[in-house]
Amino acid sequence: MAPHAEDEPTGTSSNGNTVPVNSGQAPLEPGVKASIAQGKMIEFPRAPKFTDKHEEREYLKGRLAAAFRIFGKYGFDEGVAGHITLRDPVEKDCFWVNPFGQAFSLMKKSDLILVNHSGQVIGGGENRLLNTAAYMIHSAIHKARPDVLCAAHSHSIYGRTWCSLGRKIDSLTQDSCAFHDDHVLYESFNGVVLAEKEGKDIAACLGNKKAALLQNHGLLTVGTSIEETIFWFVSLEKCCQSQLLAEAAAGSRGEKPISIGAEEAAYTYKTVGSPMAGWFSAKPLFDVIYKETGGEYLQ
């Protein structure tokens with residue numbers, strides 16, 4: 001004997017209608033079968049995989065060029081300062097970087113230069129000027145951190161302002177929880193990084209963390225993907241801005257911003273602070289820059 005309609009388990013669709021669960025229609029997706037909806041729930045965008053390392057190199061160079069366009073869009077350029085590096089998937093002791101003096105907002109894949117472990121430019125675009133500071137900092141990080149594919153540093157306005165305070169950021173917001181117990185303060189400033197020792201000291205201070213606040217200097221982020229690295233930089237810059245605003249607003253009333261508890265911040269970190277979370281969060285940035293530029297940077 002078939003059960004009466006009132007005995008059937010039901011769910012509620014997105015338009016408020018009652019939908020029998022046994023109908024095969026997903027309760028929150030009207031018109032979509034439950035089996036299909038369940039399949040879509042577990043589908044998640046992923047970075048492409050390559051069997052040919054030279055094809056991977058070309059793809060990643062395109063993503064690196066896009067990263068510079070994003071930095072340019074957000075105003076992270078300051079004259080000729082700033083650099084983002086990519087570990088070469090073919091020659092893993094070499095990295096790709098922007099040529100010294102090339103505008104972030106005009107960067108193309110063909111402009112990037114390839115630098116070896118000795119600091120020699122061995123390939124890339126016509127402008128083969130290498131920023132010494134870029135080599136000293138990034139070569140040390142890539143050597144110390146085999147897991148790091150990409151590293152980014154620039155003199156962004158809120159990042160460098162916060163770095164003048166000599167403090168790590170607090171877990172004031174959900175977004176800042178991505179850096180909870182996962183960033184360091186490099187408490188030294190010896191001018192432009194032109195010495196090998198300074199680069200090694202920065203890498204040693206960074207340890208296994210995703211970001212460093214270089215005192216009186218600026219932000220540095222690293223990641224297992226270009227996308228992750230770029231999102232951490234963009235987000236950390238905004239976290240610095242947010243805390244500067246919060247402390248100014250609270251200070252005017254003789255108060256302090258309310259921090260998130262350590263346990264809650266650590267729990268939130270598991271959701272927003274993982275490499276996959278960083279990669280996925282950057283996807284809109286890269287999608288938009290491709291749309292806005294028509295993919296010109298891929299040339």
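Everything below is about the structure shown above.
These numbers come from a predicted model, not from an experiment.

A. Examining the sheet that holds strand β6 (residues 121–124) more closely. Read across the open sheet, the eight strands follow the order β6-β5-β4-β3-β7-β10-β9-β8; overall the sheet is mixed. Every interior strand has two partners, whereas the edge strands, β6 and β8 (183–186), have only one. Neighbour-to-neighbour, the strand axes of the sheet open up by a mean angle of 20 degrees, direction not taken into account. The pairing of strand β9 (residues 211–214) with strand β10 (residues 218–223) spans four bridges and is antiparallel.

B. Representation of the packing of helix α2 (residues 53–73) against helix α8 (residues 275–293) in the model. It is the contact of α2 with α8, at a shortest axis distance of 10 Å, that shows an interaxial angle of 85 degrees. As the angle between them shows, α2 and α8 are arranged roughly perpendicular. Residues R63, A66, A67, R69, I70 and K73 of α2 form the contact with α8, whose participating residues are L285, F286, V288, I289, E292 and T293. Here the residues of the contact of α2 with α8 sort into seven nonpolar, one polar and four charged.

C. Inspection of the nonpolar core at higher detail. Core analysis: the largest hydrophobic core is formed by 43 residues, its most contacted members being I84, I226, I230 and F286. Among the secondary structure elements, those contributing two or more residues to this core are α2, β3 (83–87), β7 (150–154), α4 (157–163), β9, α6 (226–251) and α8. Here this core takes nine residues from α6, the largest share from any one element. Those residues in contact with F286, other than ones at most four positions away along the chain, are R63, A66, A67, I70, I226, E227, I230 and Y297. With 24 residues, the next largest nonpolar core counts A134, I202, L220 and V222 among its residues.

Rules used in this analysis
Residues numbered from 1 in each chain as written. Predicted model: local features only at pLDDT ≥ 70, side-chain atom pairs only at ≥ 80, totals over all residues. Heavy atoms only, no water. Pairing = 2+ DSSP bridges. Helix = DSSP H or I, 4+ residues; strand = E, 2+ residues; numbered from the N terminus. Axes fitted to C-alpha atoms, helices over the stretch in contact; angles between N-to-C directions. Parallel < 35°, antiparallel > 145°, perpendicular 65-115°, else oblique. Contact = heavy atoms within 4.5 Å. Nonpolar A, V, L, I, M, F, W, Y, C, P; charged D, E, K, R; others polar. Core = buried A, V, L, I, M, F, W, Y, C linked by side-chain atoms within 4.5 Å. Buried < 20%, exposed > 50% of the residue type's maximum accessible area, 1.4 Å probe, protein only.

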